[in-house]
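Fold and geometry: a report
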Amino acid sequence: MERLIENYMDFISCNKTERLCAEASVRIAEQNGYRNIEDVESLKAGDKVYINKMGKSLILFNIGTDDISKGMNILGAHIDSPRLDAKQSPIYEDRFYKSGIVYLNTHYYGGIKKYQWLATPLALYGVVIKTDGTRVNIAIGDDPEDPVFCISDILPHIAQDQMKKPASEIVEGEKLDAILTVYPNVKDYHDKEKAAYKIGDNKDKVMKFLDDKYGINEEDLASAELELVPAGKARYLGFGKNLILGYGQDDRVCAYTSLIALAEGKAGKRTNCCILSDKEEIGSAGATGMNSHLLDNAVAEVVARLDVKGNPELVIRRALANSDMLSSDVNSAFDPLNANLYDFYNSSFLGRGVVFNKYTGSAGKRGASDANPEFIAKVRNQLYKNDVYFQNAELSKVDVGGGGTIAHYAAEYGMNVLDCGVSVMSMHALWEVTSAYDIEQAYRCYKAFLELE
Ligand code: MN
Ligand code: MN
């Protein structure tokens, strides 16, 4: 189990974007006998395939011996995490104060506390796609040789006004711009007669650096996805190797354990499926999010390759409607320092096993899928049989707040869905906390669930 934890820590340290997660997951899947469905003409029991949607979400199938219209066992987690995205025209030089500072202009992604992103080392990841289709990969800030980036904050000595503001206003979203460089040229700056420094010179130098190193120009940045994330690796927190501090554990802690549970699993009666979806943090939108035809299109591709009887459209609908799914997403861990926000009797605790959220949502369960007790009983029974520990919880006290997962998008197909994931402390912060024991339980839970007949 220590190997599972070490591998998990490596996975989240090396894969801080949805693209990198999808890429790494393909590698893990292929090592376990999965093939790209595009290279497969027909499928039978025991075959393993994956569908890679735009390099940002992944759906994997391990075909069972049962008729697929009887349903599948599905694990679903998301591989996107809160971060700062570069804007379309991202690089600018301060032209009002002629400070010479060149910035990366960002638009935050997902639910963040903006002030947490100031004065902390950031790494830049992503892709730039040139007009000829060439993809340039960017990864700066996690190699010890690399520089990092940073957003400035006000020194406390002159922050009287800032400190009076509510936390939501301490830093405006528009001010979340990271320093890329200032090329000092003291001589040019002071030599007024020559006026050698012109605004824009430093930006030009940055662009020249990007051209020399990556062969990209400013226009190319319009077709790019660049993400600022915390720089640094996941680490053990505190004594005893019990806790993990790492970025993006919502929801890569469930994504990784789901993927490994599926990849290492044997072919059973029911077809096993694992969805690693994108864009959950912004409402599962877009072609790579769960609020799309991601899942039914994938099942259609599988059914098209199976030797099925009857109307294929009906087979697809039945396969989905008769499925059971664990929507594997994280829950907030009880925090004694902020105990007033939690219903103690319905909270999840670090180190007490995987978490069942019968429902999520907010303000009267709005946005929840609310799992059927018949289905919960089936999952409970399987976990008892396999000595897997679970706890029942809600995110917080009633009306304190709330959140959603991908559960209700899957439930739209008529399948059973239960939110079932790992407790996270400081969720959505740059460095989130999980328990190694819970990660092990999640992995064992997902494995046992996939074996359900
Ligand atoms: Mn999540
Ligand atoms: Mn989240």
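Residues numbered from 1 in each chain as written. Chains lettered and ligands numbered in written order. Predicted model: local features only at pLDDT ≥ 70, side-chain atom pairs only at ≥ 80, totals over all residues. Heavy atoms only, no water.

Quick look at the overall build of the protein
Secondary structure assignment for the protein yields 11 helices and 20 strands. For 453 residues, the compact-globule formula gives about 22 Å, and the C-alpha radius of gyration of the protein, at 24 Å, lands near that figure. Counting across all 453 residues of the protein, residues that qualify as buried make up 51%. Counted over contacts in the protein with a minimum sequence separation of 6, partners at least 24 positions apart contribute 77%. (Helix = DSSP H or I, 4+ residues; strand = E, 2+ residues; numbered from the N terminus. Rg over C-alpha atoms; globule rule 2.2 N^0.38 Å. Buried < 20%, exposed > 50% of the residue type's maximum accessible area, 1.4 Å probe, protein only. Contact = heavy atoms within 4.5 Å.)

Some details on the domain arrangement of the protein
We note that the domain assignment places domain 1 (2-81 + 247-449) and domain 2 (83-230) within the protein. Centre-to-centre separation of domain 1 and domain 2, based on C-alpha positions: 35 Å. If you look at the interface, domain 1 gives 20 residues, while domain 2 gives 16 residues. Both faces combined, the contact of domain 1 with domain 2 buries some 1600 Å², and carbon together with sulfur accounts for 52% of it. The three residues of domain 1 that bury the most area against domain 2 are Lys-16, Arg-19 and Leu-430, which together make up 36% of that side's buried surface. Inspection of the region where domain 1 meets domain 2 yields 5 salt bridges. In this structure, Asp-142 engages Lys-16 in a salt bridge whose closest nitrogen and oxygen atoms are separated by 2.9 Å. The dominant element in the side of domain 1 that touches domain 2, judged by the number of residues it contributes, is helix α2 (residues 18-31), at 4 residues. (Domains from an automatic or database assignment. Buried area = accessible area lost by both parts, 1.4 Å probe. Salt bridge = Lys/Arg side-chain N within 4 Å of Asp/Glu carboxyl O.)

Digging into the packing of helix α1 (residues 2-14) against helix α6 (residues 249-264)
Their axes nearest at 10 Å, the elements α1 and α6 cross at an angle of 125°. The angle between α1 and α6 falls in the class oblique. With respect to the hand of their crossing, α1 and α6 are arranged in right-handed fashion. Where α1 abuts α6, its residues Arg-3, Leu-4, Asn-7, Tyr-8, Phe-11 and Ile-12 lie against Gln-249, Arg-252, Val-253, Tyr-256, Ile-260 and Glu-264. Of the residues assigned to the contact of α1 with α6, the class counts are 7 nonpolar, 2 polar and 3 charged. (Axes fitted to C-alpha atoms, helices over the stretch in contact; angles between N-to-C directions. Parallel < 35°, antiparallel > 145°, perpendicular 65-115°, else oblique. Left-handed = near helix turned anticlockwise from the far one by under 90°. Nonpolar A, V, L, I, M, F, W, Y, C, P; charged D, E, K, R; others polar.)

What to know about the pattern of salt bridges
Counted by the stated rule, this structure contains 22 salt bridges. Among the salt bridges present, the one from Asp-47 reaches Lys-44, with a minimum N-O distance of 3.3 Å. Taking relative accessible area as the criterion, Lys-44 reaches 54% and is therefore assigned exposed. For Asp-278, the salt bridge is made with Lys-279, and the minimal N-O distance between the two is 2.9 Å. With respect to class, Asp-278 is no different from Lys-279; both count as buried.

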